[in-house]
Each structure stands twice: as C-alpha cells, then as structure tokens.
Amino acid sequence: MWCRRLLCLLEVPGWLGGGSGHRSPWLPRDRRTGLAAAAHWHHTAPESLKCAWQLHGDHLELRYANTLMRFNFVWLRDHCRSASCYNTKTNQRSLDTASVDLAIKPKAVRVDETTLFLTWPDGHVTRYGLEWLVKNSYEGQKQQVMHPRMLWNAEIYRQAQVPSVDCRSFLETDEGLKEFLQNFLLYGIAFVENVSPTKEDTEILAERISLIRETIYGRMWYLTSDFSRGDTAYTKLALDRHTDTTYFQEPCGIQVFHCLKHEGTGGRTLLVDGFYAAQQVLQQAPEHFELLSKVPLKHEYMENVGGCHNHMIGVGPVLNVYPWNNELYLIRYNNYDRAVINTVPYDVVHRWYAAHRTLTAELRRPENELWVKLKPGKALFVDNWRVLHGREAFTGYRQLCGCYLTRDDVLNTARLLGLQA
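Residues numbered from 1 in each chain as written. Predicted model: local features only at pLDDT ≥ 70, side-chain atom pairs only at ≥ 80, totals over all residues. Heavy atoms only, no water.

K.L.:
Honestly, the packing of aromatic side chains in this entry has me stumped. Any pointers?
P.N.:
Think of a pair of aromatic rings as described by two things: how far the centres are apart, and how the planes are tilted against each other in angle. Taken as a whole, this structure holds 18 aromatic pairs when the rule is applied. Both rings, one in Trp 75 and one in Trp 132, keep their centres 6.2 Å apart while their planes meet at 45°; by these two values the pair is tilted. With Trp 75 in helix H3 (residues 73-78) and Trp 132 in helix H4 (residues 130-136), this residue pair connects regions lying 57 residues apart in the sequence. The exposure class assigned to Trp 75 is partly exposed, which follows from its relative accessible area of 24%. Residues Phe 180 and Phe 184 carry aromatic rings whose centres are separated by 6.4 Å and whose planes lie at 10° to one another, so their mutual orientation is stacked. Of this pair, Phe 180 and Phe 184 both sit in helix H8 (residues 174-187), four residues apart, which is roughly one turn of that helix. By relative accessible area, which is 0% here, Phe 180 ends up buried. Taking the relative accessible area as the measure of exposure, Phe 184 reaches 4% and is therefore buried. In this structure, Arg 110 packs its charged tip against the face of Phe 117, placed 4.0 Å from the ring centre. Residue placement shows Lys 378 over the ring face of Phe 191; its charged tip is 4.7 Å from the ring centre. (Phe/Tyr/Trp six-rings, centres within 6.5 Å; stacked < 30°, edge-to-face > 60°. Helix = DSSP H or I, 4+ residues; strand = E, 2+ residues; numbered from the N terminus. Buried < 20%, exposed > 50% of the residue type's maximum accessible area, 1.4 Å probe, protein only. Lys NZ or Arg CZ within 6 Å of the ring centre and 35° of its normal.)

So this is what it looks like as structure tokens:
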C-alpha cells in the first residue's frame, strides 16, 4: 500500500499527501523557508528504493520499510541516544529538552543501509537506527496496536478452548505464569484451578502478578449478601453487566474473584467482552462509537452505611481510545453508578442516548454472554477495563473473596516475561 502511494506522490511534484489526510506544499515550502535542501529524494544507494530522505523547512521526510515518515527537527534532536543525551544504564533522558533551539535544523544528513546520521550546528552527531525510527515514528505507531487481543463472543471463546492454569504451575513456574498472562492479555479473562478456598491463598495468588490495590473496600474483600456496604453487589439480586469502580478517576485495572462457598442455587457469573461489542458498534454505527468516545460523563458512588462513609466521582467517556491509532483501551460502563448527566449540552444528549442504546443492545445480545459457575478452587481474573461482569440472582449463603490489582504491575510482569503488553 505504501509503495503504491509513494509512486503516486512522486508523480505529483507539487504536493505531498500525509497519513493524516492533510496535503501540504512540497518544493515551494522549502523555498519559502530558504533551506538549502535538494529538491529530490536522496537514496542510500543508486537506484535504491529501500531508503530515501528529503529535507523540508521544519522536518525530515524518510521513506523506509514501506513507511513514509516525517520527523520534526526538534524531535530528532530531543530523542538523541548519544552518551551525552541519554543514560543507557537508567534508560532516561539526560538532555534538557527546554535547551533545544526550537528553530534547530541539521547541518548535514547522511543515511546508509541501516542508520540515519544527523550533524547539528554545534557539531553534535545523532545516530538513529532505521528500524528504531520505523518502530517509534508516528506513522509506524498508527499501524501498530499497543495491546494485541482476541475479541470474542460466547461461541468464539468456547471454540478457542482457552485452558485454565494449575495453581502450582502458576505460582512456581515462569511457564505457567506466562501461559496465564498470555490468555489474560488476549481474552481479558483467565482462570486458575486448584486454589485453596481461603482468602489468604487467594491473596498469595494475586500477589504473584501484581501489587494489590487497596481501595475503599479494603485490600482483600469478602462479598456476601449481608448488605454490609451500600452497593447492590452485597445482595442476592441479579446484577446486570457492568465494569467496576467507574466512579474512580482511574478505574481499577484487574479484578480477582474466588467463590469460597455457596450453599444454594443460581449465582452464575456473567462475562461479556466489551471490546467485542464496541467493535460491532464501530462497524455498524461509527458515529455512535465516536460520540461514546468523546462525551465525558460522571459516575458517582455514595454510601453511608455503618462506619463506611464515601462519596466518589469519576469522569470520562464510556469508550476511551488512543488518539494516534483509535485503539480502544478502556470501557467505562455501569448504569447503576452513572451520575446525573450534566456534562453534555442539550443538543448532544439525545444523540448520546441513542449511541448508548446501540452499545447496550450489543452488550445484551445473548450470543455475547458467557456464563460461568464459580466454585471453590477456581479463581477468575477479569480485565476491568475491557470485560463486563454480572451475575444471576441466587439463593442461600454465598461467599466470594477477591481484590483489585494495579494494572501497571500486571502489564509489567507480562513484559518481563517477554509478552507484548
């Protein structure tokens, strides 16, 4: 695709089209700025199309590995990895970014088969590997995803036959831990079997991959139907699909559930891949997806039960996407805790309700519902930024324990095991 696009660009010498859809003058721009740049592509070798570059008034244009990239001169100076600019032992920048001249331009440019060399007006030389530039360029990032995943409905998940991981393998081997995390990253849920049905053993399990996030519910919590907290979860009633802690400014990243005891009927756990549902909305009604990703809402939690006094407010859109590649990374969906809508003007709010209805319809499709019966010894980890959970009503005594995990630490563990996270 890029090769065809570049051929088109080279056939139209007056204009250069960008990946963002903008068009900007090519040669006239250089003449206005007075930069003594060549008016043609420079190649690394005669007749070579593997790598070529061209200077413009405020940026270097580089074509390599079928990717057309633009690098601002200040960016190129700021990201220098020389010993005086970057500490390779700490992987931290040493250069004072504020000291870089905002009008800086390279004095000389050279590119060989693997490396870009820039000489700056003060004689400092910056070297960049071409593969590093592709990986770290804006254009390269737009073609990548931050977190590879498998979107699923109930049938897709069942057909995948995602295995549970044995508790001993999970706790004692890197292979078992890596298998678990790979499943979790791909599907947003993962199970560990043969866990001793105690809160203490569940805590040990959770700490294997992350620090436990202490919240207003404590560090490790018990969940029963005693209504000890001002929350519907502490009843025997059915719970519709939702994500937790939408009323936090940063919702908890991962939730751990372990059923320790149930003497009664019902109580199955409902799981729905929110990203799968959002993808259906994007394909069928992109204007609704866009509205849900841009309109900020408040979610609120208030309780005054016993010794628990809390008033939490979190603000954010239902769908949260990275702006450079439109990758969805967080869904904030909880109809129980959504506060008064007072952040949306009257001429937008009706369209928002229509968009919300479209997403809700997808989330409630029976084919998207994965029902799981939790039992003692089977711990469930849920990506609270992606997978919605709920439950059916139940009878009898039912006790769960669990906790929230810090997302950063789970992803850190995954990366240390060589996974993309």
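K.L.:
Help me out: how do you make sense of the sheet that holds strand S4 (residues 51-55) in this one?
P.N.:
Within a sheet, adjacent strands bond to each other through the backbone by hydrogen bonds, running parallel or antiparallel. Taking strand neighbours across the sheet as the criterion, the four strands line up as S3-S4-S5-S6 in an open arrangement whose pairing is antiparallel. Here the strands that pair on one side only, and so sit at the sheet edges, are strand S3 (42-43) and strand S6 (67-72). Two strands pair when backbone bridges link them, and S3 and S4 are joined in this way by two bridges, in the antiparallel orientation. Within S4, the position partnered with His 42 by the bridge is Trp 53. (Pairing = 2+ DSSP bridges.)

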